[in-house]
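Below are the chains, spelled out letter by letter.
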Amino acid sequence: MALIELKDVSKLYGFGDATTLALDEVSVTIERGEFVAVMGPSGCGKSSLMNVIGLLDRPSHGNYKLDGRKVAKLRANRAARVRRDTIGFIFQSYNLLPRLSILENVALPLAYKGVSVKKRIRQASTMLERVGIQNREYFMPSQLSGGQLQCAAIARALVNNPKLIIADEPTGNLDSESSRLVMELLSEIHKTGNTVLFVTHNPELTRYATRVLYMHDGNIIHDEQTAIGQVAATARKVLYTLPTTNEEDDLAGVSALMRARPDVPSVGRKVTRPKSRSTKKAASKRKTSVRRKKADV
Amino acid sequence: MKPARGQLKTGFDSVRGAKWRNFWTMLGIIIGVSSVITVVGIGQGIKNQISGQINYLGKDLITIRPSSLRTGGDQSLDTYNVLSGLSITGSLQDKDVQAVSKAPGVRASAPLSAISTTVKSEKGQYKKGLVIGTSASLPNLLNQPLEFGTFLDPDDPGARAAVLGKAAAEAMFESDVPLGFTFSINGQDFIVRGIFDQFKNTPLSDEANFNTAIFIPYDVSQELTKNSGAIYEILAKPATSSPVDTTIASIKTQLNQTHGNQDNFTVLRQDENIAARSEVLDLLTRLITGVAAISLLVGGIGIMNVMLVSVTERMHEIGIRKAIGATNRQILSQFVIESALLSFVGGIIGVALAFIVNGLLRFFTNLRPDISWQIVLIASGVSLAVGIIFGSVPALKAARKDPIEALRTII
């Protein structure tokens, strides 16, 4: 039995004309023990997919079975309990509570489970030892580096022994050194049998994954099994053919060009005022040419 | 319930985190609780003092006072016509004093006549107190012992002798016990014959302050003012064999004769007199307590507002908590506990403040507020309830928030 079974899951935001389709009838099955990377451009629905899988959000349509249980239409409190017991979240911005110490932060999911204070502290401490920052357990989050914070967040995600770890760009805010640390940690977790799902923009990180999903406009456009230690084939392609500029940069470049206007002498501006119509024409001509150029692209 | 402990700690942690903001939040509750307790305490204290006065003066003391006779015209219009109309204030005179003393059943009586005079002593002019003309039986009627010396001599009603209240004695003479010293009233010399013990004054009482008064024989006071001194009160006590009511009736009969059946005087038993006063006092206390209770309510609204702001500020935190598995109920209880804690701590500070105010009042005034544990319990209980009730609105707002939306909120 697969851990995650999504069937024709759609997610719509907004109403009427403002409706946007974040997930467009996505169907995917993820087995236990997989280490799945999800890639795709911003706004393609990666986060929506993570939210739906993580039961933070309910799908608008479709079926979702988590661990063999139908959870698509779960009520808020039940969903919270499922999150607490079977899912661990890791966020890009760590999302530790700033006014609690690292240890208290890690122990928080246990508190919501109703574990006694003593046991909570012990388990949290063990978990911090596992991620290698036990010597920082009485620090406040503001006193730790990004990598350490993410380690603490991973400890918090693990403390309830969840079957599924969902990490939404866990290395997005980290330098390459810390990124490596965090990914090693995740891959260790994966080795102990957990299912890990992570979102990334960095094709290099697909080395850690066993499977890569590519998303675009709310669809999974490519699903690839990959060997650990190898950058996924499609990801490699993405890496080397990635456009260096986007549309916005293009437009900015064009307007910068227009501002320069080497053909119109700035000294003669006042004198040529009566001829403004002709300059306008010239300008409009230039614009159309730009447009044509873009169309060609 | 096991999770409750964790929730309590969570709530406590958030309160601990923002001390000053929480103090301002609690201020409304603090003021509300302390003012309710103080007002009720003052009311209770005055009532205690009044009932103490009854026991002290004796229930059988009879007070005769002039009262006003109103001729308001049309009786039915009286309610609309409160301030106009002729009002004649009756007066008590020599013959009334005689009448009262001769009334059957009266054991002793004394007039009290305040006269306006110029008093000069070794410390200069004395302006703080009344000069009261009275008779020898006054200490007996008031159950008031003298600290030094003796009271006026009944056998020598024309003597130029005076008895001083304790405060008057201190203000007029350097000497601690100025017995035998002289001072002058309207240029005539008087010898100090005795000094009263401290009178137990009652706040809000309509008695003159006897501690600052100078007592001289009634006849002398009439002489000094050429018989124009007004008697504002006659005190009387019935003989032990005669019941108070019968004595009052007989005094009334006697006075009706001297007043030509005009009902421009009142005869009051001490306990009646005091009962009427404490009834008014009760009403006043309730009224002020009501006003103070409103401030408790306003304090509750203050807590609600701060909690609403706090919920908005901490939306992201709520999102995190929900993401890691907090149920709506757990979020709800966190915020309710937080506001309950705020209001409860506010209540405790308010109680402490009330006790401080109580101490200050006792020290600086003659009020003796009496704070009962019931009112402390009620006030802090109400403050807790206010916190829970007003705190549940923001808490519900927090609990019902969608986790995704809450997580997205960045302040």
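Just so you know, these numbers come straight off a predicted model, no measurement behind them.

The rules behind each value
Residues numbered from 1 in each chain as written. Chains lettered and ligands numbered in written order. Predicted model: local features only at pLDDT ≥ 70, side-chain atom pairs only at ≥ 80, totals over all residues. Heavy atoms only, no water. Helix = DSSP H or I, 4+ residues; strand = E, 2+ residues; numbered from the N terminus. Contact = heavy atoms within 4.5 Å. Patch = residues over 30% accessible without salt bridge, like charges linked within 9 Å, V, L, I, M, F, W, Y side chains within 5 Å. Areas by Shrake-Rupley, 256 points an atom, 1.4 Å probe, with all protein chains shown as cover. Salt bridge = Lys/Arg side-chain N within 4 Å of Asp/Glu carboxyl O. Lys, Arg positive; Asp, Glu negative; His and termini not counted. Charge placed at Lys NZ, Arg CZ, Asp CG, Glu CD. Buried area = accessible area lost by both parts, 1.4 Å probe. Polar contact = N/O pair within 3.5 Å; in protein donor to acceptor, adjacent residues only side chain to side chain. 1 Å grid on protein atoms, 1.4 Å probe; cavity = no way out; pocket = protein on both sides within 12 Å on 5 of 7 lines; lining within 4 Å. Points joined across faces, edges and corners; volume = space filled by probe spheres on them. Core = buried A, V, L, I, M, F, W, Y, C linked by side-chain atoms within 4.5 Å. Buried < 20%, exposed > 50% of the residue type's maximum accessible area, 1.4 Å probe, protein only. Phe/Tyr/Trp six-rings, centres within 6.5 Å; stacked < 30°, edge-to-face > 60°. Lys NZ or Arg CZ within 6 Å of the ring centre and 35° of its normal. Pairing = 2+ DSSP bridges. Axes fitted to C-alpha atoms, helices over the stretch in contact; angles between N-to-C directions. pLDDT = per-residue confidence, 0-100.

**Let's talk about the overall build of chain A**
Part 1 of the reasoning: Tallying secondary structure elements over chain A gives nine helices and ten strands in all.
Part 2 of the reasoning: Summarising the internal contacts of chain A: among those between residues at least 6 apart in sequence, 67% fall at separations of at least 24.

**Observations regarding a positive patch on the surface**
Part 1 of the reasoning: Residues A:Arg69, A:Arg75, A:Arg78, A:Arg81 and B:Arg329 make up a contiguous surface patch of positive charge.
Part 2 of the reasoning: Looking at where A:Arg75 falls in the secondary structure, it is placed in the loop between strand 5 (69-70) and helix 2 (76-86).

**Focus on the interface of chain A and chain B**
Part 1 of the reasoning: The partner chain B presents 30 residues to the 25 residues of chain A that form the contact.
Part 2 of the reasoning: Note on chain A versus chain B: buried area summed over both sides is about 2,300 Å², and carbon and sulfur give 57% of it.
Part 3 of the reasoning: When the area that chain A buries against chain B is broken down by residue, the three leading residues are A:Leu56, A:Arg99 and A:Tyr112, summing to 30%.
Part 4 of the reasoning: On the surface where chain A and chain B come into contact, there are zero salt bridges.
Part 5 of the reasoning: For the pair chain A and chain B, the interface holds five residue pairs in polar contact (both at pLDDT 80 or more).
Part 6 of the reasoning: Of all elements in the fold, only helix 2 and helix 3 (102-113) of chain A reach the threshold of two or more residues within the side of chain A that touches chain B.

**Side note on empty space enclosed by the protein**
Part 1 of the reasoning: Under the counting rule described, the total for this entry stands at three cavities of 30 Å³ or more.
Part 2 of the reasoning: Size it by volume and the second largest cavity reaches roughly 70 Å³.
Part 3 of the reasoning: Lining the second largest cavity, in full, are A:Arg83, A:Arg84, A:Ile87, A:Gly88, A:Phe89, A:Pro109, A:Arg156, A:Ala157, A:Asn160, B:Ala323 and B:Ile324.
Part 4 of the reasoning: Broken down by element, the lining of the second largest cavity gets its largest block of residues, three residues, from strand 6 (residues 87-90) of chain A.

**A word on the nonpolar core**
Part 1 of the reasoning: Core analysis: the largest hydrophobic core is formed by 74 residues, its most contacted members being A:Ile4, A:Ile53, A:Leu55, A:Tyr64, A:Leu66 and B:Ile37.
Part 2 of the reasoning: Looking at this core element by element, the count peaks at eight residues for helix 11 (residues 373-399) of chain B.
Part 3 of the reasoning: Those residues within four positions of A:Tyr64 in sequence are excluded, and the remaining contacts are A:Ile4, A:Glu5, A:Leu6, A:Val52, A:Ile53, A:Leu55, A:Arg69, A:Lys70, A:Val71 and A:Ala72.

**Observations concerning the packing of aromatic side chains**
Part 1 of the reasoning: Tallied over the entire structure, the rule returns eleven aromatic pairs over all chains.
Part 2 of the reasoning: Between the aromatic rings of B:Phe196 and B:Phe215, the centroid separation amounts to 5.2 Å while the plane-to-plane angle is 75°, which identifies the pairing as edge-to-face. Of the two residues, B:Phe196 sits in strand 11 (residues 188-196) while B:Phe215 sits in strand 12 (residues 214-217), which places them 19 residues apart along the sequence.
Part 3 of the reasoning: For B:Phe196, a relative accessible area of 0% puts it in the buried group.
Part 4 of the reasoning: Accessibility expressed as a relative area gives 0% for B:Phe215, which makes it buried.
Part 5 of the reasoning: Look at B:Phe363 and B:Phe364: their rings are 4.9 Å apart centre to centre, the planes differ by 85°, and that puts the pair in the edge-to-face class.
Part 6 of the reasoning: Classification of B:Phe364 as exposed rests on a relative accessible area of 63%.
Part 7 of the reasoning: An aromatic cluster is built from B:Phe151, B:Phe196, B:Phe210 and B:Phe215, whose rings are joined through pairwise contacts.
Part 8 of the reasoning: Here the basic side chain of A:Arg136 rests over the ring of A:Phe139, its NZ or CZ set 5.3 Å away from the ring centre.

**Comments concerning the pattern of salt bridges**
Part 1 of the reasoning: In this structure the tally under the stated criterion is 17 salt bridges over all chains.
Part 2 of the reasoning: Among the salt bridges present, the one from A:Asp85 reaches A:Arg84, with a minimum N-O distance of 3.2 Å.
Part 3 of the reasoning: A salt bridge links B:Glu405 to B:Lys401; its shortest N-O distance comes to 3.5 Å.
Part 4 of the reasoning: Judged by relative accessible area, B:Glu405 falls into the partly exposed class, the value being 44%.
Part 5 of the reasoning: The partly exposed category is assigned to B:Lys401, whose relative accessible area is 23%.
Part 6 of the reasoning: Three or more residues are tied together by salt bridges with common partners; here these are B:Arg314, B:Glu317, B:Arg321 and B:Glu338.

**Quick look at the sheet that holds strand 10 (residues 219-225) of chain A**
Residue and element names in this part refer to chain A.
Part 1 of the reasoning: Read from one edge of the open sheet, six strands run 6-7-8-3-9-10, paired in mixed fashion. Where the open sheet ends on each side, the last strands, each with one partner, are strand 6 and strand 10. Within this sheet the neighbouring strands show an average axis-to-axis angle of 15°, counted without direction.
Part 2 of the reasoning: Looking at chain direction, strand 3 (residues 35-39) and strand 9 (residues 211-216) are connected through four bridges and run parallel. Across the sheet, residue Val36 finds its bridge partner in strand 9, namely Arg211.
Part 3 of the reasoning: The strands touched by helix 2 are strand 6 and strand 7 (164-168); relative to strand 6, the strand with the most contacts, the crossing angle is about 80°.

**Focus on the environment of B:Pro394**
All names here are of chain B.
Part 1 of the reasoning: As for its position among the elements, Pro394 is in helix 11.
Part 2 of the reasoning: For Pro394, a relative accessible area of 0% translates into the label buried.
Part 3 of the reasoning: Sequence-wise, Pro394 and Val309 are 85 residues apart; in three dimensions their C-alpha atoms are separated by 8.6 Å.
Part 4 of the reasoning: Here Pro394 is in contact with Met304, Met307, Leu308 and Val311, once residues within four sequence places are set aside.

**Considerations on a nonpolar patch on the surface**
Part 1 of the reasoning: There is a patch of nonpolar side chains on the surface, built from B:Leu353, B:Ile356, B:Leu360, B:Phe363 and B:Phe364 and spanning about 570 Å² of accessible area.
Part 2 of the reasoning: Topologically, B:Phe364 is positioned in helix 10 (residues 328-364).

**Focus on the confidence of the model for chain B**
Part 1 of the reasoning: Residues of chain B with pLDDT of at least 70 account for 87%, and the chain-wide mean is 80.
Part 2 of the reasoning: A low-confidence stretch, residues 72-83 of chain B (pLDDT under 50), is modelled with five contacts involving residues beyond four sequence positions or located in other chains.

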